[in-house]
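Chain and residue survey
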Amino acid sequence: MRVILKIGVFGRNKKYLEKLVHCLEEDVRLQLFIFTKEDELEKFVDVYKLDALIIDDGVELQEEALAKKMIYLSSKEVNDGSNIIYKYQSSRYIRAQLLKLLEMEVFEAVKESNCKIVGVYSPVSNSFKTSLAVLLGYQSLEKENTILLTLDKFSLLDCNQNYDEIYDLSDLLYCLKQGRYDEKIFEKAIGYLSELPYIYPLITPEDLYKITANQVKEFIEKISSKYQRIIIDIGNDVINVIEFLDLAGIIYMPIMDDCYTTKKIKYFENYLSGREKNDILNKIEKIKIPSELLTRKQWNFNYYNELKWCDFNVCN
């Protein structure tokens, strides 16, 4: 059962508070309330108990015990492990620090099961990423029941469908949230590359900005009893890519021999190190892509089907 925490946010600058809440409300475990007047806050806590109260810099409260945990936003940087968060930084960093103070993980990984979650990711565009995910799917299917899903904004996995008769990934997540998910709906969301099943990519690209890692995690847990391996093709347009990478037990990263790719990947690795995300760094397995696979001169809709006959072995 998911624990929902009631979080109050108190301050004078309502626009700032609204912006902060907009970021925090992406986490479905938080229920947030904005207060700009102390009497409104006191009336609320007379009826409901707050698990935490975030207090903006420059305001004071007459009553100090209005929540189980008091957290303060400061205009000055702090280095200790106290309940003070520096306010002039990325809202994502504020969110991460808040959840740490609340003793909640920034992201709760997929529950343990026999299903292996494989991520395919590159910080580089035109990196052979989706092709690598498809290859992994074909080769995994020889040993395990496998399905592929893509988190790309514009995916060419599927270009010839009657969209009135299918469900895409966004539809599935919406149905799951509404409690309307069932086997018939799931079946309408499955396409095939040869015999490799995949979930139809987003019909409306903007939907990708609404999809959170927690939603995908819940969906994976819903279908994990059906599959031994789920391959996730992770694009750069998802909101907070780190949380999506946290889903995977192993992350395959395509590598090409050029300075641009090398610099991009090095920048990404430095970013992970700076965020103290060594757990993700340790999950990355780099796959050098043979040059003959990168020199295709003409695209056609059979491309992904034809990858099945590729003799490049990448499956682990």
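Overview of the structure. (Residues numbered from 1 in each chain as written. Predicted model: local features only at pLDDT ≥ 70, side-chain atom pairs only at ≥ 80, totals over all residues. Heavy atoms only, no water.)

**Topic: the sheet that holds strand S4 (residues 69-74)**
Strands pair in a sheet through their backbones, by hydrogen bonds, and they do so in one of two ways: parallel or antiparallel. Taking strand neighbours across the sheet as the criterion, the 5 strands line up as S2-S1-S3-S4-S5 in an open arrangement whose pairing is parallel. With one partner strand each, in any of the chains shown, strand S2 (30-35) and strand S5 (84-86) form the two edges of the open sheet. Ignoring strand direction, the axes of neighbouring strands in this sheet form an average angle of 25°. As defined by bridge partners, S4 adjoins S5 across 3 bridges and the pair is classed as parallel. In the sheet register, Leu-73 faces S5, and the bridge partner there is Ile-85. Against the sheet, helix H1 (residues 14-24) touches strand S1 (5-10), S2, strand S3 (52-55) and S4, its axis set at about 175° to S2. (Pairing = 2+ DSSP bridges. Helix = DSSP H or I, 4+ residues; strand = E, 2+ residues; numbered from the N terminus. Axes fitted to C-alpha atoms, helices over the stretch in contact; angles between N-to-C directions. Contact = heavy atoms within 4.5 Å.)

**Some words on the packing of helix H5 (residues 169-178) against helix H7 (residues 213-223)**
The N-to-C vectors of H5 and H7 enclose an angle of 85°; their axes lie 10 Å apart at closest approach. Overall, the two elements H5 and H7 adopt an arrangement that is roughly perpendicular. Facing Leu-169, Leu-172, Leu-173 and Leu-176 of H5, the residues of H7 in contact are Gln-215, Val-216, Glu-218, Phe-219 and Lys-222. A per-class count over the contact of H5 with H7 returns 6 nonpolar, 1 polar and 2 charged. (Parallel < 35°, antiparallel > 145°, perpendicular 65-115°, else oblique. Nonpolar A, V, L, I, M, F, W, Y, C, P; charged D, E, K, R; others polar.)

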